[in-house]
Amino acid sequence: MNYELTRRAFLRQSATALAAGILLPNTLYAVTGSPRPVAASDRLNVALVGCRSMGWYDLSDIMKYPGTSCVALCDIDSGILSNRAAEAEKNWGKRPACYGDYRRILERDDVDIIIIGTPDHWHCKIAVDACSAGKDVYVEKPLANSIAECDAMVAAAQRYGRVVQVGQQQRSANLWHSMKEYIDSGALGHIGRVNVWANFTYAAILNPAMDGPVPKGVDFDMWLGPAPKRSFNASRFHGSWRMFWDYGGGLLTDWGVHLLDMALWGMNVKDMPQRVMAAGGNYVYPNNFAETFDTLSVTYQFPQFLIQWSNMTIESGPYGRNYGLEFKGTNGTLIANRESWEVIPEAGKLEAKLVKPSNNDHLDHTNNFMECVKRRDMQTACPITNGSFCAKYAHIGNIAARTHEMLTYDDAKHTFHNKAADHFITPSYRNPWKL
Ligand SMILES: NC(=O)c1ccc[n+]([C@@H]2O[C@H](COP(=O)([O-])OP(=O)(O)OC[C@H]3O[C@@H](n4cnc5c(N)ncnc54)[C@H](O)[C@@H]3O)[C@@H](O)[C@H]2O)c1
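Every value quoted in this text rests on a predicted model; they were computed, and no experiment measured them.

Asks: Lay out the packing of helix 10 (residues 256-266) against helix 12 (residues 384-403) in plain terms, naming residues and giving numbers.
Replies: Running from N to C, helix 10 and helix 12 point in directions that differ by 105°, and their axes come no closer than 9 Å. Relative to helix 12, the element helix 10 is oriented roughly perpendicular. Of the residues in helix 12, those touching helix 10 at V257, L260, D261 and L264 are N386, F389, C390, A391, Y393 and A394. Its residues assigned to classes, the contact of helix 10 with helix 12 comprises eight nonpolar, one polar and one charged.

Put into structure tokens, the structure is as follows:
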């Protein structure tokens, strides 16, 4: 690979290679790698769509990569947009152009990268449009709000040869890599079950609120986008949208993609589970305004083990951790969350172990993305195929709970062979938006 090629020529070349079906090498970037210096002529221009919370955090770390400029911001809330533009000017010395419609940004030739920090129901449309406009994409997790949208996004990234990083930053954490190595060593013996839990109350306990007028400066129709038309309700809007099916999937998609990713990776799972069984409801707060479940259990069955998901709106949890994973092996139990992983031996069969994090996973994740955009010969730390895989696991769990059916998803044929469950695979987009 000739690294002296100009960046734009290189982007064109890679896109052509991928469109022609030529596979570029698949090297996983060393997560601790530090960014290379860049020539002034080789800057990368980035634009953020969805500026309120996580998208801004993503942009702030991406801007730490040498040679990066923030040229545009987009949000449907003009108050958030102008505050973030002022903050961008203060932080990085230049006020980015501001937009209320992301499609105007995609028309700009000088934008290389789109960061998607919108609610989940928008990820697919913006990402597919960005890929087809020749932009590389950093898209927040979960990859999409439905199974069919995940497939559409993977197809678009491959068709247009784009670099995509999914915001599952645990994939760039030394902590989780060392956990994976330990599990792969076989020290835990046979692992018969992995328990995964997330007990959080944020945005989960919502008091019933009346619909009301759209706040000044908010383009609510654009916020709804492909989701069904409805009147404005503050409890279904910024931040709390994740607890309503049209926009998100509750804790199973919000935290589930991070934690199930570690369970599936740890157990080397590459396919859909044999069976999924689930049950959920709003049992802790029966008057909860949220549609998603404040109490949910999902069992994913495999030939030799189970992976079990559980979420609750009561914040205590096993081992004093309100979220985490537990790999139960014949020689010992490994417990993990973002603060540490540790091993509790089974009757003296192993050494006890405690490992703490040793890097800034989010910064390394954004650096890894930028390196991949520059080089175009290596796979991102969380490629779109992995984002899709984990998001499908989360959606299948929710679908099993919503249909009260035991399900098997046939990923090749895109069906559960079950009419009630198949109904949830593809959302119907509201006109004029098309999937
Ligand atoms: N990786 C992580 O650890 C992590 C953490 C938190 C959130 N997230 C993900 O980040 C995404 C955003 O979550 P959040 O908590 O920041 O949500 P948020 O509601 O706080 O912010 C979303 C922003 O997107 C804007 N927006 C909505 N539709 C838009 C559109 N069509 N065009 C432009 N702007 C639009 C909103 O006005 C708002 O400013 C979600 O997908 C969420 O799952 C990831």
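Asks: Any chance you could break down the sheet that holds strand 8 (residues 191-199) for me, citing the residues and the numbers?
Replies: The strands making up a sheet associate through hydrogen bonds between their backbones, and the pairing can be parallel or antiparallel. Here we have eight strands laid out as an open sheet, ordered 9-10-11-8-12-13-14-15, and mixed in their pairing. The sheet is open, and its two borders are formed by strand 9 (275-281) and strand 15 (353-355), each paired with just one other strand. Each strand axis lies, on average, 10° off the axis of its neighbour in the sheet, ignoring direction. Each of strand 8, strand 10 (295-301), strand 11 (306-312) and strand 12 (323-329) is contacted by helix 10, which is oriented at about 15° to strand 12, the strand it contacts most. Across the sheet, helix 12 is in contact with strand 9 and strand 10; its angle to strand 9 comes to roughly 65°.

Asks: So, the sheet that holds strand 5 (residues 113-116): which residues are in play, and what are the values?
Replies: Strands sit in the order 4-3-2-5-6-7 across an open sheet of six strands; the sheet is parallel. With partners counted over all chains shown, the strands left at the sheet margins are strand 4 (97-99) and strand 7 (164-166), one partner each. For this sheet, the mean inter-axis angle between neighbouring strands, taken without regard to orientation, is 20°. Sheet topology note: the strand 5/strand 6 (residues 136-139) ladder contains four bridges and is parallel. Paired with I115 across the two strands is Y138, which belongs to strand 6.

Asks: Tell me about the site of the ligand, and name the residues and values.
Replies: Close contacts around the ligand come from 29 residues, with R52, S53, D75, D120 and K141 the closest. With respect to the ligand, the side chain of E140 contributes an N or O atom lying 2.9 Å from a nitrogen atom. The separation between an oxygen atom of the ligand and a polar main-chain atom of G239 is 2.9 Å. When the free accessible area of the ligand is taken as 850 Å², the share hidden by the protein chains comes to 94%. Per-class residue counts for the shell around the ligand are 12 nonpolar, 10 polar and seven charged. Looking at which domains feed residues into the shell around the ligand, each of domain 1 (7-171 + 362-384) and domain 2 (174-357 + 391-422) gives three or more.

Asks: Please provide a residue-by-residue account of the nonpolar core, values included.
Replies: Within the largest apolar cluster, 110 residues are counted, with the highest numbers of intra-cluster contacts made by Y300, I307, W309, F327 and L334. If you tally residues by element for this core, the top one is helix 12, at 10 residues. Taken domain by domain, this core gets at least three of its residues from each of domain 1 (7-171 + 362-384) and domain 2 (174-357 + 391-422). Counting 24 residues, the second-largest nonpolar core is a separate cluster that includes C51, M63, A85 and M370.

Definitions and limits used
- Residues numbered from 1 in each chain as written.
- Predicted model: local features only at pLDDT ≥ 70, side-chain atom pairs only at ≥ 80, totals over all residues.
- Heavy atoms only, no water.
- Axes fitted to C-alpha atoms, helices over the stretch in contact; angles between N-to-C directions.
- Helix = DSSP H or I, 4+ residues; strand = E, 2+ residues; numbered from the N terminus.
- Parallel < 35°, antiparallel > 145°, perpendicular 65-115°, else oblique.
- Contact = heavy atoms within 4.5 Å.
- Nonpolar A, V, L, I, M, F, W, Y, C, P; charged D, E, K, R; others polar.
- Pairing = 2+ DSSP bridges.
- Near = heavy atom within 4 Å.
- Polar contact = N/O pair within 3.5 Å; in protein donor to acceptor, adjacent residues only side chain to side chain.
- Areas by Shrake-Rupley, 256 points an atom, 1.4 Å probe, with all protein chains shown as cover.
- Domains from an automatic or database assignment.
- Core = buried A, V, L, I, M, F, W, Y, C linked by side-chain atoms within 4.5 Å.
- Buried < 20%, exposed > 50% of the residue type's maximum accessible area, 1.4 Å probe, protein only.

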